[in-house]
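Each chain is listed here by its residues.
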Amino acid sequence: DNMRLAFFGTPEIAATVLRCLHRLGHDLVLVVSQPDKPKGRGQQLMATPVKQAALELGLLCQQPETIKNNREFQQSFSELNLDLVVVAAYGKIIPPDLLSLPQHGFINLHASLLPKYRGAAPVQWALLNGEKATGMTIFKIIEQLDAGPIIDQAAVEIGDDEDAGQLLARLFQLGCGRLENCLAAINNNSAKYIVQDESLATLAPTLKKEMGKINWQKSAREIHNQIRGLVLWPTAYAEWQEKRLKILKARPFASPLLTKNGRAGLVEEVVRGEGFIVQCGQGKIEILEVQPESGRPMSGYNFAIGHKLIPGETLLK
């Protein structure tokens, strides 16, 4: 029994969910995505990944600047007679007067074990906080942010070196795999809606640009978590010769040979073919991939050789 669905989403992870929904064979009568954004040096307008996927699949796609107080959009939306709307990383709040229009309301894919990490950046905060596990939650949207009843939830362990991009992709892949049963249960009214325990709720607010600056006084583990948590945006960075050096990939470095504790931020050793080792407030970290200001990403080793990074002298502030 097919349902009449709409889908709301914007980035690449959401496009994955849209393709999955399409494969399940329900009637996708509308796709909604954010407006095209200017991209790159030429600031050309780029279609969102969800819009691109919708066009490839031959689906109707709308990109209202805003849905809130948008009478025209709300009118046409109510005439669609939808059974359900699926939302994944849309990036705008759905106004309450829309929520009741589809027969079964709106469901959202959220990359955390709700009620933990409600908000815009659940994966990033899980990594920043050094969590060992997180998950994917599919829940019914209510007016309060990420607070609706849970329909389905699955946990995963977080890899020691997994970064935000990898973990996000993995969680949304997991969500895709669970959508079919979810939709079937909603369709035949057998879905269980489990109310969230408000006393356990935590927040994962929007990231801020200044969170990227590395403080080498922190432990190697904390800095590692900062680097992998912020890799998509705003990216962790060090100051090097008055320029920003973005740090894309690293790992805490454990070696019995390096016992001397230098100043935090001191470059201790260049590792051939890999990277360079920096002393932290506690422990050491090996910097494996960097991106110099206005340059392209490169290995830590190539950066060290090309910029004559000399152990013991150069301080990354």
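You'll find the structure just up there.
Q: Explain the overall build of the protein residue by residue, including any values.
A: When you go through the protein residue by residue, the secondary structure sums to 8 helices and 15 strands. With the principal axes as the frame, the protein shows a C-alpha extent of 70 × 45 × 30 Å. Within the protein, residue pairs in contact and separated by at least 24 positions form 65% of the contacts whose partners lie at least 6 positions apart. Accessible surface computed for the protein: about 16100 Å², of which carbon and sulfur atoms make up 50%. Each charge sign in the protein was given a centre, from 35 positive and 33 negative side chains, and these centres are 6 Å apart.

Q: Talk me through the environment of Q166; I want residue IDs and the actual numbers.
A: Here Q166 shows up in helix α6 (residues 164-187). Distance from Q166 to V123, taken between C-alpha atoms, is 10.0 Å for residues 43 residues apart in sequence. Within the structure, Q166 has its side chain in polar contact with the backbone nitrogen of D163 (distance 2.8 Å).

Q: Pulling in residues and values, what's your account of helix α1 (residues 12-24)?
A: Here α1 contains 13 residues, and its C-alpha end-to-end distance of 19 Å stays within 8% of the 18 Å for a straight helix at 1.5 Å per residue. Considering only its buried residues, α1 is in contact with β1 (4-9), β2 (27-32), α2 (49-56), β6 (84-88), β7 (106-110) and α6. Backbone geometry just after α1 places G25 at a positive phi near 85 degrees.

Q: I'd like a rundown of the pattern of salt bridges, residues and numbers included.
A: For the structure on display, the rule yields 10 salt bridges. Taking the shortest distance from any N to any O, the salt bridge between R118 and E198 comes out at 2.9 Å. Placement of R118 in the loop between β7 and α5 (122-128) and of E198 in the loop between α6 and α7 (220-229) is noted, with a sequence separation of 80 residues between them. Assessed through its relative accessible area of 8%, R118 is described here as buried. One network of salt bridges, in which partners are shared, links R251, E274 and E286.

Q: Account for the sheet that holds strand β5 (residues 61-62), naming residues and giving values.
A: Taken in spatial order, the 7 strands line up as β5-β2-β1-β6-β7-β8-β9 in an open sheet, and their pairing is mixed. In this open sheet, the two edge strands, each paired with only one partner strand, are β5 and β9 (150-157).

Q: Now, about the side chain of R118: what can you tell me, with residues and values included?
A: In terms of polar contacts, R118 uses its side chain to reach the backbone carbonyl oxygen of D146, at 3.3 Å. When neighbours within four sequence positions are excluded, R118 is seen to be in contact with H110, L145, D146, A147, Q196, E198, A201, T202, L203 and A204.

Q: Explain the packing of aromatic side chains to me, and be specific about the residues and the numbers.
A: Using the criterion set out here, one finds 7 aromatic pairs in the structure. For the ring pair F77 and F106, a centre distance of 6.0 Å and an interplane angle of 25 degrees mean the geometry is stacked. In this pair, F77 sits in helix α3 (residues 71-78) while F106 sits in strand β7, placing the two residues 29 residues apart along the sequence. With respect to burial, F77 and F106 carry one shared label: buried. Seen from the ring of Y193, K140 lies directly overhead, with NZ or CZ sitting 5.7 Å from the centre. One cation-aromatic arrangement involves R244 over Y237; the distance from NZ or CZ to the ring centre is 3.8 Å.

Rules behind the numbers
Residues numbered from 1 in each chain as written. Predicted model: local features only at pLDDT ≥ 70, side-chain atom pairs only at ≥ 80, totals over all residues. Heavy atoms only, no water. Helix = DSSP H or I, 4+ residues; strand = E, 2+ residues; numbered from the N terminus. Contact = heavy atoms within 4.5 Å. Areas by Shrake-Rupley, 256 points an atom, 1.4 Å probe, with all protein chains shown as cover. Lys, Arg positive; Asp, Glu negative; His and termini not counted. Charge placed at Lys NZ, Arg CZ, Asp CG, Glu CD. Polar contact = N/O pair within 3.5 Å; in protein donor to acceptor, adjacent residues only side chain to side chain. Expected span 1.5 Å × (residues − 1). Salt bridge = Lys/Arg side-chain N within 4 Å of Asp/Glu carboxyl O. Buried < 20%, exposed > 50% of the residue type's maximum accessible area, 1.4 Å probe, protein only. Pairing = 2+ DSSP bridges. Phe/Tyr/Trp six-rings, centres within 6.5 Å; stacked < 30°, edge-to-face > 60°. Lys NZ or Arg CZ within 6 Å of the ring centre and 35° of its normal.

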